[in-house]
Amino acid sequence: MVRVRYVDADILIIGGGMAGSGAAWEARYWCRNCRVVIAEKANINRSGAVAMGLSAINTYMGLKCKENTVEDYVKYVRGDLMGIVREDLVYDYARHVDSTVHLFDEWGLPIWPNPQTGCYVREGKWQIMIHGESYKAIVAEAARKAVGEENVFNRVMVTHLLKSPSNPNRVVGAIGFNVNDGTVYVFRAKATIVSAGGGSHVYRPRSQGEGLGRAWYPPWSSASSYGLMIEAGAVMTMMEARFVVPRFKDGYGPVGAYQLLLKTKITNAYGQDFWKPHYEEIKKLYSGKGNYPDLPITPTTLRVYAQRLEWMAGRGPSLMRTEETVKKGTESEAIAYEDFLDMTISQVVIWAGQNHEPAERPYEVITTEPYVMGSHATECGAWASGPDDLAPKKIEGLPDDRGYQYYWGYNRMTTLDGLFCAGDGCGANPHKFSSGSFTEGRLAAKSAVLFIMDHSDEKIEVDKAQVDSIITKLMEPLERYERGKYTVVTGPSYMHPIDPTKMYWKQGLFRLQKIMDEYAGGWSTMYVTNEWMLNRALELLQFLKEDFINYAAAQDWHELMRVWELWHRILTAEAVVRHMLFRKETRWPGYYVRADYPALDDENWHVFVNSRYDAKTGKWELWKVPVIHIIPFP
């Protein structure tokens, strides 16, 4: 017997990470009488990508100290993504992000002060230093107090969005379940904000065996933002720009503080510069209209690519020369350790286990497996309306379809009525990081409040047949296991049993990761793919989808969560592959190389790639949308 609980809300926020917390705080500010509900599959106090903490806030303009301008920031972000970003969306969060950081300061986040200037200590041009081990807990407290503890639904995983029975383009809430007791929640909402994070473990991670599950981006980030919106038919954008990042080997420790604050250089194994030997080749293939290799800050993807070329030339691995900048017993050593104790404790544990002293010798840096994200140096996510004062209005010569236009009235609303996005879920505006994601949550919430005020006479309808159908589908993996649990053959205890009639979540996950790694530009192929490989990936993903539908099984509520996480990852993976197949060029060589189109092609591909999935037919539609520059380009 399934327990079902209905919850009515004015605004439903799916995911309580940085973006979700920002949305909660802002929604309460603009709508005191609204009921704002957060559904979070973990616990909001330690959820999202910032759960473990951070050592820096990566997006802060410093406008009051006249350190930067918003225009310069847009140019920087545009250059880092090789010319393709929604400049209206980037400008919008950038002009508001300082106010978000000042809120964090007010709430008690320890930000390093600079007594000489009265500003904050800079890590880099856009970054400031913090002691952020309790970063998320501080932000979550503000969100909880804003909406009320009774409106925070921890341990509830949302699996499907609900559509209006009278308007298939209108989202009216969502369905999920409590991962501890199995209670099904039917959320009826006038507006819904998706802020459920990006996707790790879509690709096979480098850490396996004893390090199984270890990743740079949190393993609980299961691509649900994308899976939910793809299945509901929202237009997605830039899903091909999945992200690869250099990190300290095995511990996935970030390199920012070492490079930017301590000015530590990365070399090849022989102490030589990794960029100069490949500059001419990179300039020839990837200059484009933006002359990207010669920008003041070299794009992340080109720096990553140059390092990889050194490995392929036999001069690897890359080494972070910590022995040159970290001195024992000095502040530099304290910074070197505190950087990881603030956010990536596992790196320090690995160093301790390997008797490694950063002041005595360098440490290896390696590129990770690919991640699907929208808030770091990449831009996967939903296509959303821009702000009224910045977004280009009607673009003549293109269809009126929202999937081709930049503006349809409500900032950060997806192409579906009543469905908003923020953080990793919102595409084409990268480099938000923690502060920008919180800011984008605020922007989405303010717009959602305006939406429900404009539609105050609308009655939210939910079709009982639709609800019953989703609940049946949601519970099917549990029932499948119960029906056939005596057909189990055998199997090792650390895996699932061998059973010819079922597919358990871990079996499906490993299968997905193998497909993506071997055919869609994973680390085992040095991030190289081509048309044949991508088509083979699609073929195998179709088999996986069929097997999921017919054989997915779960022994308990926790496994049921893992099963639906897998489904969201599969849908996301298919979007990634279809986008990579559609874009016939190599624009981000550090992230992946299309060997059959190895160069950047600004004449034909200085465009966004957008897509829409039809869940009823299983068909995808993909198309180009022109990039509109609001800051002069190049």
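For clarity, every value in this text was computed on a predicted model and none was experimentally measured.

## Re the overall build of the chain
Regarding its fold elements, the chain presents 17 helices and 21 strands. On C-alpha atoms alone, the chain measures out to a radius of gyration of 23 Å, which is about the 26 Å that the 2.2 N^0.38 rule sets for 634 residues. If one aligns the C-alpha atoms of the chain with their principal axes, the spans along those axes are about 65 × 60 × 50 Å. Counting contacts in the chain only where the partners sit at least 6 residues apart, residues at least 24 apart contribute 74% of the total.

## What to know about the sheet that holds strand S11 (residues 236-237)
Read from one edge of the open sheet, four strands run S16-S11-S20-S21, paired in antiparallel fashion. Each edge of the sheet is formed by a strand with only one pairing partner; in this case those strands are strand S16 (381-382) and strand S21 (619-626). Examined bridge by bridge, strand S20 (residues 607-614) and S21 share eight bridges and lie antiparallel to one another. Among the inter-strand pairings, phenylalanine 608 is bridged to a residue of S21, identified as valine 625. Sheet strands in contact with helix H16 (residues 557-582) are S11, S20 and S21, and its direction is about 50° off that of S21.

## Some thoughts on the nonpolar core
The tendency in soluble globular proteins is for nonpolar side chains to be buried side by side. In terms of nonpolar packing, the biggest core is built from 188 residues, with Ile11, Phe187 and Met516 touching the most fellow members. In terms of residue count, the dominant contributor to this core is H16 (14 residues). For isoleucine 11, the contacting residues outside a window of four places in its chain are Ala27, Arg35, Val36, Val37, Ala191, Ile193, Ala445, Ala448, Val449 and Ile452. Listed in part, the 19 residues of the second largest apolar core include Ile57, Tyr60, Val139 and Phe438.

## Focus on the state of the cysteines
For the structure shown, the criterion picks out two disulfides. A sulfur-sulfur distance of 1.8 Å marks the disulfide that ties cysteine 31 to cysteine 34. Taking the sign of the S-S torsion, 60° for the link of cysteine 31 and cysteine 34, the bridge is right-handed. Take cysteine 31: its relative accessible area is 13%, and that puts it in the buried class. Two residues share a disulfide in this structure: cysteine 65 and cysteine 119, whose sulfurs sit 1.8 Å from each other. Between cysteine 65 and cysteine 119, the disulfide has an S-S torsion of -105° and is therefore left-handed. Taken together, the residues span a long stretch of sequence, with cysteine 65 in the loop between strand S3 (54-57) and helix H2 (70-80) and cysteine 119 in strand S5 (residues 119-120) at a distance of 54 residues. Its relative accessible area of 27% is what places cysteine 65 among the partly exposed residues.

## A look at a nonpolar patch on the surface
On the surface, Val2, Val4 and Tyr6 cluster together into a nonpolar patch covering about 220 Å² of accessible area. Structurally, the position occupied by tyrosine 6 is in strand S1 (residues 4-14). The exposure class of tyrosine 6 is partly exposed, given its relative accessible area of 37%.

## Considering the sheet that holds strand S12 (residues 246-248)
Strand order in the open sheet formed by four strands is S12-S15-S14-S13, and the pairing between neighbours is antiparallel. Two strands bound the open sheet, and with one partner strand each, they are S12 and strand S13 (266-267). In the sheet, S13 pairs with strand S14 (residues 318-320) via two bridges, with the strands oriented antiparallel. Within S14, the position partnered with threonine 267 by the bridge is leucine 319. Along the sheet, helix H8 (residues 300-312) contacts S12, S13, S14 and strand S15 (363-367); its crossing angle with S15, the most-contacted strand, is approximately 110°.

## Structural notes on H8
The end-to-end C-alpha distance of H8, which contains 13 residues, comes to 19 Å, matching closely the 18 Å that a straight helix rising 1.5 Å per residue would cover. A large share of H8 lies buried, amounting to 11 of its 13 residues. Along H8, the residues classified as buried are Thr300, Thr301, Leu302, Val304, Tyr305, Ala306, Gln307, Arg308, Leu309, Glu310 and Trp311. The positive-phi residue at the C-terminal boundary of H8 is glycine 314, with phi of around 85°.

## A look at the pattern of salt bridges
For the structure on display, the rule yields 43 salt bridges. As a salt-bridge pair, glutamate 240 and arginine 583 come within 2.7 Å of each other at their nearest N and O atoms. On the criterion of sequence distance, the pair formed by glutamate 240 in the loop between S11 and S12 and arginine 583 in the loop between H16 and strand S19 (593-594) is long-range, its members being 343 residues apart. Arginine 583 shares its class with glutamate 240; the two are buried. When the shortest N-O distance is used, the salt bridge between arginine 587 and glutamate 585 registers 2.7 Å. In this structure arginine 587 comes out as buried when scored by relative accessible area, which is 1%. Several salt bridges share partner residues, and in doing so they unite Asp92, Arg95, Asp389, Arg412, Lys432 and Glu440 into one network.

## Regarding the packing of aromatic side chains
Taken as a whole and judged by the stated rule, the model has 42 aromatic pairs. Residues tryptophan 107 and phenylalanine 438 carry aromatic rings whose centres are separated by 6.0 Å and whose planes lie at 70° to one another, so their mutual orientation is edge-to-face. With tryptophan 107 in helix H3 (residues 87-107) and phenylalanine 438 in helix H12 (residues 433-454), the pair connects residues that are 331 residues apart, well separated along the chain. The class for phenylalanine 438 is buried, based on a relative accessible area of 0%.

## Observations regarding the layout of surface pockets
There is about 860 Å³ of room inside the second largest pocket. The wall of the second largest pocket is formed by 29 residues, among which Glu231, Ala232, Lys473, Ala615 and Lys616 lie closest to the centre. Put simply, the parts of the chain that give the lining of the second largest pocket at least two residues each are strand S8 (156-163), helix H5 (224-232), helix H13 (464-484), helix H15 (531-551), H16 and S20. A total of seven residues in the lining of the second largest pocket trace back to one element, the largest contributor, which is H13. A class-by-class count of the residues in the lining of the second largest pocket yields 14 nonpolar, seven polar and eight charged.

## Points about the packing of H3 against H12
Describing two packed helices takes the angle between their axes plus the distance from one axis to the other. Interhelical geometry of H3 versus H12 gives an angle of 105° and a closest axis separation of 8 Å. Of the possible angle classes, the one that applies to H3 and H12 is roughly perpendicular. For the pair H3 and H12, contact is made by Asp92, Tyr93, His96, Val97, Ser99, Thr100, Val101, Leu103, Phe104 and Trp107 and by Ser435, Gly436, Phe438, Thr439, Arg442 and Leu443, respectively. Partitioning the contact of H3 with H12 into residue classes produces eight nonpolar, six polar and two charged.

Rules of the game
- Residues numbered from 1 in each chain as written.
- Predicted model: local features only at pLDDT ≥ 70, side-chain atom pairs only at ≥ 80, totals over all residues.
- Heavy atoms only, no water.
- Helix = DSSP H or I, 4+ residues; strand = E, 2+ residues; numbered from the N terminus.
- Rg over C-alpha atoms; globule rule 2.2 N^0.38 Å.
- Contact = heavy atoms within 4.5 Å.
- Pairing = 2+ DSSP bridges.
- Axes fitted to C-alpha atoms, helices over the stretch in contact; angles between N-to-C directions.
- Core = buried A, V, L, I, M, F, W, Y, C linked by side-chain atoms within 4.5 Å.
- Buried < 20%, exposed > 50% of the residue type's maximum accessible area, 1.4 Å probe, protein only.
- Disulfide = S-S within 2.5 Å.
- Patch = residues over 30% accessible without salt bridge, like charges linked within 9 Å, V, L, I, M, F, W, Y side chains within 5 Å.
- Areas by Shrake-Rupley, 256 points an atom, 1.4 Å probe, with all protein chains shown as cover.
- Salt bridge = Lys/Arg side-chain N within 4 Å of Asp/Glu carboxyl O.
- Expected span 1.5 Å × (residues − 1).
- Phe/Tyr/Trp six-rings, centres within 6.5 Å; stacked < 30°, edge-to-face > 60°.
- 1 Å grid on protein atoms, 1.4 Å probe; cavity = no way out; pocket = protein on both sides within 12 Å on 5 of 7 lines; lining within 4 Å.
- Points joined across faces, edges and corners; volume = space filled by probe spheres on them.
- Nonpolar A, V, L, I, M, F, W, Y, C, P; charged D, E, K, R; others polar.
- Parallel < 35°, antiparallel > 145°, perpendicular 65-115°, else oblique.

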